[in-house]
Structures are given as C-alpha cells and as structure tokens.
Amino acid sequence: MAGFDRRDFLKGSAAAAGLGILGGAVGMPYIARAAGPLTVGVLIPGSKSDKGWMESGYDGLKAAEAKFGGKIKVQFIENVKFGDMEQVLVALAGKNQMVIGVGGQTQGSVFKVAPRFSKVKFAIVGGNKDAAKPANVSSYDVRQAEIGFVAGAAAAMLSKNGAVSYVGGLEIPAIVNTGKEFGNGAKYINPAIKYFENYTGDFDDVAKSKEATLAAIAQGADVHYHILNLGLRGMEQAAREKNTKIIGSYTNRCGTDPLYIAYSITGVGFQVEYAIEQAVAGTWAPEFKPFGLAMGPKASDIAICGGLLKPDQLAKLEAIKKDILAGTIKVLEA
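Since the model is a prediction, treat every value here as computed from it, not as a measurement.

Draft legend 1. Main features of the overall build of the chain. Helices and strands together make up the secondary structure of the chain, namely ten helices and 13 strands. Every one of the 334 residues in the chain was classed for burial, and the buried ones make up 57%. Within the chain, residue pairs in contact and separated by at least 24 positions form 69% of the contacts whose partners lie at least 6 positions apart. Surface exposure of the chain reaches about 13,900 Å², of which carbon and sulfur atoms provide 53%.

Draft legend 2. Here's a closer look at the sheet that holds strand 13 (residues 301-304). Read from one edge of the open sheet, six strands run 8-7-9-10-11-13, paired in mixed fashion. With one partner strand each, in any of the chains shown, strand 8 (194-199) and strand 13 form the two edges of the open sheet. Neighbouring strand axes in the sheet, compared pairwise and without regard to direction, differ in orientation by 20° on average. In this fold helix 7 (residues 206-218) packs onto strand 7 (163-168), strand 8 and strand 9 (223-227), with an angle of close to 165° to the strand it touches most, strand 7.

Draft legend 3. Fine view of the nonpolar core. Of all hydrophobic cores here, the largest spans 64 residues; its most connected members are Ile-100, Ile-276 and Leu-317. Tallying contributions element by element places helix 5 (residues 144-158) first for this core, with ten residues. Beyond its immediate sequence surroundings of up to four residues, Ile-276 is in contact with Leu-38, Val-40, Leu-61, Ala-64, Phe-68, Ile-72, Met-98 and Ile-100.

Draft legend 4. Inspection of the state of the cysteines at higher detail. Across all of its chains, the model carries one disulfide by this definition. Through a disulfide, Cys-254 is tied to Cys-305; the S-S separation comes to 2.0 Å. Since a negative S-S torsion denotes a left-handed disulfide, the Cys-254-Cys-305 link at about -75° is left-handed. On the criterion of sequence distance, the pair formed by Cys-254 in the loop between strand 10 (245-248) and strand 11 (260-265) and Cys-305 in the loop between strand 13 and helix 10 (311-326) is long-range, its members being 51 residues apart. By relative accessible area, Cys-305 is classed as buried at 8%.

Draft legend 5. Structural view of the pattern of salt bridges. Applying the stated criterion across every chain yields a total of 14 salt bridges. With a closest N to O distance of 2.9 Å, Asp-59 and Arg-253 form a salt bridge. Remark: Arg-253 occurs in the loop between strand 10 and strand 11 and Asp-59 occurs in helix 2 (residues 53-68); sequence separation between them is 194 residues. When the shortest N-O distance is used, the salt bridge between Arg-116 and Glu-86 registers 2.5 Å. Residue Arg-116 is found in the loop between helix 4 (107-113) and strand 5 (121-125), and its partner Glu-86 is found in helix 3 (residues 85-95); the two are separated by 30 residues along the sequence. Residue Arg-116 is classed as partly exposed on the basis of its relative accessible area, which comes to 34%. Look at Glu-86 and you get partly exposed, because its relative accessible area is 27%. Look at the salt bridges and you will find they share partners, linking Lys-51, Glu-236, Arg-240 and Asp-257 into a network.

Draft legend 6. Summary view of the side chain of Asn-177. One can find Asn-177 in helix 6 (residues 173-189). A polar contact is formed between the side chain of Asn-177 and the backbone oxygen of Glu-333, at a distance of 2.8 Å. Once residues within four sequence positions are removed from consideration, Asn-177 is found in contact with Ala-145, Leu-332 and Glu-333.

Draft legend 7. Structural detail: the packing of aromatic side chains. Using the criterion set out here, one finds 13 aromatic pairs in the structure. Between the aromatic rings of Tyr-274 and Phe-291, the centroid separation amounts to 5.2 Å while the plane-to-plane angle is 80°, which identifies the pairing as edge-to-face. Remark: Phe-291 occurs in the loop between strand 12 (288-290) and strand 13 and Tyr-274 occurs in helix 9 (residues 268-281); sequence separation between them is 17 residues. Residue classification places Phe-291 among the buried positions, given a relative accessible area of 0%. Members of the aromatic cluster, connected to one another through ring pairs, are Tyr-166, Phe-182, Tyr-195, Tyr-199 and Tyr-225. Looking at Lys-48, its charged tip hangs above the ring of Tyr-58, at a distance of 5.1 Å from the centre.

Draft legend 8. The arrangement of the environment of Lys-298 in detail. Mapped onto the elements, Lys-298 comes out in the loop between strand 12 and strand 13. In this structure the C-alpha to C-alpha distance between Lys-298 and Gly-267, which are 31 residues apart in sequence, comes to 5.9 Å. If we ignore the near neighbours within four places in the chain, the residues touching Lys-298 are Ile-265, Gly-267 and Phe-270.

Draft legend 9. Local environment of the confidence of the model for the chain. Counting all residues, the mean pLDDT for the chain is 90, and 90% of those residues have values of 70 or more. Per-residue pLDDT stays below 50 along residues 14-34; that stretch engages in 29 contacts with residues further than four places along the chain or on separate chains.

Draft legend 10. Examining the side chain of Lys-321 more closely. As for its placement among the helices and strands, Lys-321 is situated in helix 10. We classify Lys-321 as buried; its relative accessible area is 10%. If we ignore the near neighbours within four places in the chain, the residues touching Lys-321 are Val-150, Leu-293 and Asp-301.

Draft legend 11. Region of interest: helix 5. Along its 15 residues, helix 5 runs 20 Å from first to last C-alpha, staying within 8% of the 21 Å computed at 1.5 Å per residue. In terms of burial, helix 5 is largely enclosed, as 15 of its 15 residues are buried.

Draft legend 12. Molecular detail of the pairing of strand 8. Pairing between strand 7 and strand 8: six bridges, direction parallel. Bridge pairing in strand 8 links Ala-163 to Lys-194. Following the backbone out of strand 7, through helix 6 and into the adjacent parallel strand 8, one traces a crossover that is right-handed.

Here is what the cut-offs are and how they apply
Residues numbered from 1 in each chain as written. Predicted model: local features only at pLDDT ≥ 70, side-chain atom pairs only at ≥ 80, totals over all residues. Heavy atoms only, no water. Helix = DSSP H or I, 4+ residues; strand = E, 2+ residues; numbered from the N terminus. Buried < 20%, exposed > 50% of the residue type's maximum accessible area, 1.4 Å probe, protein only. Contact = heavy atoms within 4.5 Å. Areas by Shrake-Rupley, 256 points an atom, 1.4 Å probe, with all protein chains shown as cover. Pairing = 2+ DSSP bridges. Axes fitted to C-alpha atoms, helices over the stretch in contact; angles between N-to-C directions. Core = buried A, V, L, I, M, F, W, Y, C linked by side-chain atoms within 4.5 Å. Disulfide = S-S within 2.5 Å. Salt bridge = Lys/Arg side-chain N within 4 Å of Asp/Glu carboxyl O. Polar contact = N/O pair within 3.5 Å; in protein donor to acceptor, adjacent residues only side chain to side chain. Phe/Tyr/Trp six-rings, centres within 6.5 Å; stacked < 30°, edge-to-face > 60°. Lys NZ or Arg CZ within 6 Å of the ring centre and 35° of its normal. pLDDT = per-residue confidence, 0-100. Expected span 1.5 Å × (residues − 1). Right-handed = clockwise from strand over helix to strand, strands pointing away.

Structure representation (structure tokens):
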C-alpha cells in the first residue's frame, strides 16, 4: 500500500500530468487497464492517525489489503484540504479502477469528478442521499445519530455526576443530529441529566475542543462524547487534566487508553472494506446504502470497556438498540 501526503502527491501528479501519463485526466478518454489486481485510490481528508474517523477509514483499508492480498493494489492520500480535493480525485481516477472518498466532505468534489471518469467506480464513506448522485458513485450513510443515542444512554449510566457533554466539529446536519441524539439517549436513561453541547467549527482544532470540554467540565460533566478528528486531542487534554472520561467514536479501542470508558462503532472502516470487497467480487453497484444497527456490529455498535456496566445495564443497551431498529425509539437521520 502506497501512502502520500497531499503536498507530495500533488507535486508528483502535476509532474506526471505534464508528461502525459495520467490516463483519464480532464478532457482525456478513459484508458483500459490490463488484467491484474484491482487498483484502488483512497482520499483521506485528515490524518490517518487521528484516533477518529480518518484512522478508522485507514484501518478498513488495511483490513481489505490483508483480506485480499495480491488481488488489490492500493494507494491513499491523507491530509487533503477541501480546495485540493477535486485535483486529487482527478489524479486518483486517472490511475485507479476504484476511488474512495473517506468522509462526507468529499461528496461535492466526487460528484464533480465522477462524470469525467464513467468507467471508474467511486464510493463515498459518509455520503448523503442525493438525487444528483452520478451513475458511477456509491454513497454509504454512516448513521451516526442512531448509535449516538445508544452512546448517550451509556454515558448516562457511566456518569457519576449526572452530567455529560458532546463536542462536534462542523455544525452541519449529520454532526448536529448526532449530538441531539446523544443528548436524547442520555435523557432516556436519566431525564434529570445535565447535557452540554458545543461545536468548534473545525474537526481538527485542538485548542477549541479543549476549551469546549473544559467549559462542560466546569458545569459538572464527567463523561464526554465527540465527532472530532485531530481535535479529539484537545478533549483528551481536558479530560486528563480534570480526571473525567471519554466515550470514543468510530472504532472499538478498549484497553488502549484508560481515559476511554466506551466506544461507539460507526463502521467507517467497515464501509471502506465493503466497497473494495464488492468491487473485487464484481458485485459493486452505484447505490445509496445506509449502514447502521441493521447492518450488524461491524457497522454499528457500542463497546463498554473494562466491565464498567452491570449485566442489567448492558441488557438495557441491547433493548435500546432493538427498539431503534423496530422504530419504537425514533432517531434523527444522520
């Protein structure tokens, strides 16, 4: 698996384009590739080591590579700014049979680029349902709000102070809805619980996420939840300083850091692996597909670390998941 940072990749791609070796670039026909491994290009907007969404996507990429071995050949580019996404996607599509955008923030750029490469398969992890979706694009909905409700219920059970908090990055529907459902889940268990919600405007701003978490702690919050990328480090700093705890997002990493008492699993990596698996099997389809509790524990679940909840509490969480699936508990769309 070849990995690149945005700057190095763009420099190399510009040089390659100048030499005329980027098949399928803008205004150029798609070039058929010889039989061999499936070539996959992956755009990771943030850092693959963020303990969050991006790292979960990268983990799925590694899992697919381990699973399929020589059947696939993968390159990924991380730390891609919004303004560079279209250029990076064009370069990836010129070299690969499948291109995956790890994050809903890639959707606009994918929609622009995909029609230029009609024979390339595109997939968006965290994509929204949109009638404008090109015919060669799959969008996978993470359904974070759904598991956010369950995480809120767990937080209420784990809180000693009867106060919990949530910090999101961009104040957009998917992130806001997750925060609202986290609060609803906490109140489902404890109607009197105090709930504090904040948005930093940036998934990677460490200082702002620390400030938001400290503000919640000052009002009594002792369990925190998030939709952050590198900004999570600010929440970690605040929690360590004030001896509070975090429910992590995306991937179960129980046992790796005592600061974390639970994790919500949102299947980001699972969706990356799913897209590649479908392409390898020849069953990939350009679809909108919701991933959530209905897809099983790899796609959506809650993991409680270190036996911190009693059997009856764990049973209550299972009952909540079943009620969400049955529609008895209604949650917002992600």
